[in-house]
Amino acid sequence: MAEKVGIEVSLAIAEAAKLANVDVVAAYPITPQTHIVEHLAELVADGELDAAYIPVESEHSAMSACLGASASGARTFTATAGQGLELMHEVLYVASSMQLPMVMTVANRALSAPLSVWGDHSDVMAVRDTGWIQIFAENGQEVVDNVLCGFRIGEDPKVLLPVMVHLDGFYLSHVIEPVLFPEQSKVDKFIPPYKYPMPLHPDKPVTMGAFGPPIIYAETKKAQEVNLEASKEVILDCWQEFGKAFGRHYSPVENYHIEGAKVLLLTMGSFSETAMTAVDKMRGEGREVGLVRIRLWRPFPFEEIRQAVKKVDVLIVVDRALSFGGPGGPVCSEVRSALYGEAKKPKVIGFVAGLGGRDITPAGFEEIINRGIEISQKGSKNEFEIFGVRE
Amino acid sequence: MTKPESEFTWKDLEIGSIVAEPGNASQYQTGDWRSERPLFDNNKCIKCGLCYIFCPEGCIERNAEGYFEANLFYCKGCGICARECWPKAITMVPEEE
């Protein structure tokens, strides 16, 4: 039987990596992710997890060590957040374009300056185009489940890509939640052993990360794009199999009370659960509102989004990051792009909220919905609004 | 390489653009980077081999008579051989000539 445990989500993530029987962990501590790698270090030191734990001098080195580990055929895990993710930046592209699978949990955090250790999606959005599969979790259970799925998806011979599992820093990383841990035997069955087709080995030398002159570079990028898009089929299959094996179901876009809705809210990450509370209350008052949550950020779920919002008049997108001097929130701008060519589409209204750990309450979401409806009717001088900012 | 790079489509590439054939860098032509090529005057050459030693590309070879020749498939035309050749047996000439 699966065991239900009250546990800090960060520790639960380390336990999930242990359930996945990782071979190598290379990581550098950074708030709010530290407890994940701290607990993994404990598990290795106590002999509970037979893995190589590589303490490195920076996140740049952490990701570089992970590349080497994955290339040699080791199941690889790491975690980071905020500035740490930024320091990894250039190596992230190398992991995806060299098709080296690994799972990395990111405890999403705001970026300096001013210094902020608190949660938002600024770090995620800066690595949006790095070619990783990116999944968003809304609670501790979802992180644990998707760490397990992440290994199965990324290591699939049809995919071979690194996977980021995003969890909001502090909102998820530091809370104690009830988490169901699947049985080891069932996890072993769910995640087949990792077998990289062409691992680094002296008996059969290969060159990884060679240079690509203009005559071949565009072909390598096309291959990469096709591969990332094609991974969606494996992701869908993995979530379906996960549902069958463990009874919890995931999909690229999760809809909440969209039936009969005229106005939809669109969110990503942990504040989606707060948004659900607001939607419940407003539905109780007879308002025709609903919620769409993006779970699969990359590859982007174009079709699912179009399907979910096709019948509504207004779509209010709440971003937790700001694209300076641009269209406001990155999620909103992508959703707008996805809908632009549709014959019938809702008015898309963008908000940026919850920056640097600013809490958005259910009442806050209610206010956002009401203000969004007002803008859809009367228009606005601005491309987007920052919600709750003191004028 | 099984075929020239210019004939590879994106579907022909290995996983993560891995090069699975060891040592195939020798099939990569660097000679077309060249704007000048070395011209060897064997009347001045004393067969000391300095050009052979200094060539950073390793593309200078000794022929049957003991003189030296640059393999123009690889020679990038850097001119180091000409500069190091103290009997002045090597001159760099523009490619268009």
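Residues numbered from 1 in each chain as written. Chains lettered and ligands numbered in written order. Predicted model: local features only at pLDDT ≥ 70, side-chain atom pairs only at ≥ 80, totals over all residues.

Asks: Could you give an account of the overall build of chain A, naming the residues involved and the relevant values?
Replies: Helices and strands together make up the secondary structure of chain A, namely twelve helices and 15 strands. For 391 residues, the compact-globule formula gives about 21 Å, and the C-alpha radius of gyration of chain A, at 21 Å, lands near that figure. A principal-axis box enclosing the C-alpha atoms of chain A has dimensions of 70 × 55 × 45 Å. Across chain A, every contact between residues at least 6 apart in sequence was considered, and the portion connecting residues at least 24 apart equals 80%. (Helix = DSSP H or I, 4+ residues; strand = E, 2+ residues; numbered from the N terminus. Rg over C-alpha atoms; globule rule 2.2 N^0.38 Å. Contact = placed C-beta atoms within 7 Å.)

Asks: Any chance you could break down the interface of chain A and chain B for me, citing the residues and the numbers?
Replies: With 19 residues of chain A at the interface, the matching set in chain B holds 13 residues. In terms of residue count, helix 8 (residues 214-246) of chain A provides more of the side of chain A that touches chain B than any other element does, six residues in total. Taken together, the residues of the side of chain A that touches chain B sort by class into twelve nonpolar, five polar and two charged. (Nonpolar A, V, L, I, M, F, W, Y, C, P; charged D, E, K, R; others polar.)

Asks: Summarise helix 3 (residues 59-71) of chain A; cite the residues concerned and give the values.
Replies: Residue pairs three or four apart in sequence face the same way in an α-helix, which turns once every 3.6 residues. Residue and element names in this part refer to chain A. Over its 13 residues, helix 3 runs 18 Å from end to end, which matches the ideal 18 Å to within 8%, given 1.5 Å per residue. Glu59, Ala62, Met63, Ala65, Cys66, Leu67, Ala69, Ser70 and Ala71 are the residues of helix 3 that are buried. Two residues or fewer after helix 3 comes Gly73, characterised by a positive phi angle close to 100 degrees. (Expected span 1.5 Å × (residues − 1). Buried ≥ 20, exposed ≤ 12 C-beta atoms within 10 Å, placed from the backbone.)

Asks: Account for the domain arrangement of chain A, naming residues and giving values.
Replies: Residues and elements named next belong to chain A. According to the domain assignment, chain A contains domain 1 (3-246) and domain 2 (253-386). Its C-alpha centre places domain 1 at a distance of 28 Å from the equivalent point of domain 2. Counting residues at the interface gives 27 residues for domain 1, matched by 19 residues for domain 2. Mapped by element, the contributors of at least two residues to the side of domain 1 that touches domain 2 are helix 5 (122-126), strand 6 (133-136), strand 7 (163-168) and helix 8. Within the side of domain 1 that touches domain 2, the residues separate by chemical class into twelve nonpolar, nine polar and six charged. (Domains from an automatic or database assignment.)

Asks: Go over the packing of helix 6 (residues 140-154) of chain A against helix 8 of chain A with me, naming the residues and quoting the values.
Replies: Residue and element names in this part refer to chain A. It is the contact of helix 6 with helix 8, at a shortest axis distance of 10 Å, that shows an interaxial angle of 130 degrees. If you check the angle between helix 6 and helix 8, you find them oblique. Where helix 6 crosses over helix 8, the handedness of that crossing is right-handed. On helix 8, the residues that touch Asp145, Cys149, Arg152 and Ile153 of helix 6 are Ser231, Val234, Ile235, Cys238, Trp239 and Phe242. (Axes fitted to C-alpha atoms, helices over the stretch in contact; angles between N-to-C directions. Parallel < 35°, antiparallel > 145°, perpendicular 65-115°, else oblique. Left-handed = near helix turned anticlockwise from the far one by under 90°.)

Asks: Any chance you could break down the pairing of strand 14 (residues 347-352) of chain A for me, citing the residues and the numbers?
Replies: Residue and element names in this part refer to chain A. Judged by how many residues are buried, strand 14 sits mostly within the fold: five of six residues are covered. Two strands pair when backbone bridges link them, and strand 13 (residues 314-319) and strand 14 are joined in this way by six bridges, in the parallel orientation. Paired with Val318 across the strands is Phe351, a residue of strand 14. Following the backbone out of strand 13, through helix 11 (residues 330-340) and into the adjacent parallel strand 14, one traces a crossover that is right-handed. Of the strand pairs in this sheet, strand 14 and strand 15 (residues 385-386) are connected by two bridges, and their pairing is parallel. Considered in strand 15, the bridge of Val352 is made with Ile386. In this view, the connection linking strand 14 to its parallel neighbour strand 15 by way of helix 12 (residues 362-378) has left-handed handedness. (Pairing = 2+ DSSP bridges. Right-handed = clockwise from strand over helix to strand, strands pointing away.)

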